[in-house]
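Each chain, written out:
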Amino acid sequence: MMDLLGYGAFFLTTALIFSLVTLGLNLQWGLTGLFNVGVAGFVAIGAYTSALLTTPDDAARLGGFDLPILVGWLGAMLVGGVAAAITGIATLRLRSDYLAITTFGVAVVVQLVALNAQKLTGGPFGIGFIPRPLGGLAETPLLFNLSNLAIVSVVTLIVYLALEHLSRSPWGRVLKALREDERAAISLGKSARFYRVQAFGVGGAIMALAGALQAHFTGFIAPDNYMPALTFQVWVMLIVGGAGSNIGAVIGSILVWAIWAGSGALTSVLFSPEQQARAASLQIVAIGVMLCVILLVRPNGLFGDRPRRARFGKGAKAAPDESAARS
């Protein structure tokens, strides 16, 4: 029972870290309409920044400033936000498909730098000995997992409430206006590029914070953690939960991660060790099937707005009367 509870805390901690990444993507895509396919790159920037700031001094590489964990998290947000803003300034003049290609290229560049800049990132060997919050509790796995869950839950709740407030503020309404009708928003004197760079930067800072939390939660990072599959997972989480909905981003992340982890555990039981490498692809299949089913039932996701269907016959005549009465 204690082991099950400890695994449940570990599972929810990982799912909430994914929720933070999805919340950052929801700000960029769901609220502003910016197609970012470089999610893994900004997560990696946050993870490596926080690791370099908080790990002990290491003669084999640069960094290792041994600063407090909170400083590492704030530094990750700052560097991730600045990197996203610079990317936005350079690319947001492009159309959505070209923006997607460019952000994907940024993620690939970050991953290659992490893999080859061994004096800075440890190269393929990664960075270890990353300090963990309340690391003294590591000898008691259940208490350690529960304490990590509490910390990640508080951070996720703060980010969620902040984004909910921003989405209802005048700033958030401008972003929605730019997403729905850019020309109309510009005609009212709003700078599309200025607001989009802000949204892209804030979203990148949230993704970097999630990367920093993940780095300190596991205690070790390597370039293989930030492959394009991470971006695929986060996009599926947002689509399943419903783009534009913060609660959908959180619930979608938990649901997709549950299917991902459950399918991985199922393949390890059903297949022999020699076949498990090939059977791991069934995780992608399970996610793809779930995505197709949800899009058929709820095209806008679980918490997205239902699309309005055209009315015919008497319903079509009654609809204008109802709208007139409401106005």
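Shown above is the structure to which this text applies.
Criteria and thresholds
- Residues numbered from 1 in each chain as written.
- Predicted model: local features only at pLDDT ≥ 70, side-chain atom pairs only at ≥ 80, totals over all residues.
- Heavy atoms only, no water.
- Core = buried A, V, L, I, M, F, W, Y, C linked by side-chain atoms within 4.5 Å.
- Buried < 20%, exposed > 50% of the residue type's maximum accessible area, 1.4 Å probe, protein only.
- Helix = DSSP H or I, 4+ residues; strand = E, 2+ residues; numbered from the N terminus.
- 1 Å grid on protein atoms, 1.4 Å probe; cavity = no way out; pocket = protein on both sides within 12 Å on 5 of 7 lines; lining within 4 Å.
- Points joined across faces, edges and corners; volume = space filled by probe spheres on them.
- Nonpolar A, V, L, I, M, F, W, Y, C, P; charged D, E, K, R; others polar.

Q: Is there a simple way to think about the nonpolar core in this case?
A: A general feature of soluble globular proteins is that nonpolar side chains tend to end up buried together. Grouped together as the largest cluster of nonpolar side chains are 76 residues, with contacts concentrated most on Val39, Val159, Ile221 and Tyr226. Per-element tally for this core: the top contributor is helix H9 (residues 192–218), with 13 residues.

Q: Is there a simple way to think about unusual backbone geometry in this case?
A: Among all residues except glycine, the phi angle is most often negative; among peptide bonds, the trans geometry is most common. Even without being glycine, Phe129 reaches a positive phi, approximately 60°. Look at Leu134: it is not a glycine, yet its phi comes out positive at around 55°. Topologically, Leu134 is positioned in the loop between helix H5 (118–121) and helix H6 (141–168). Overall, Leu134 belongs to the partly exposed group, its relative accessible area being 48%.

Q: What am I meant to see in the environment of Ala210 here?
A: The residue Ala210 is located in helix H9 in this model. Sequence separation between Ala210 and Ala76 is 134 residues, and the spatial gap between their C-alpha atoms is 9.1 Å.

Q: Any chance you could explain empty space enclosed by the protein here in plain terms?
A: Empty space left among the atoms is revealed by rolling a probe the size of a water molecule over them. Scanning the entire structure with this criterion turns up one cavity of 30 Å³ or more. There is about 50 Å³ of room inside the largest cavity. Mapped onto the lining of the largest cavity, the elements with two or more residues apiece are H6 and H9. Classifying every residue of the lining of the largest cavity by side-chain character gives six nonpolar, two polar and no charged.

Purely spatial values, then, with no claim about function.
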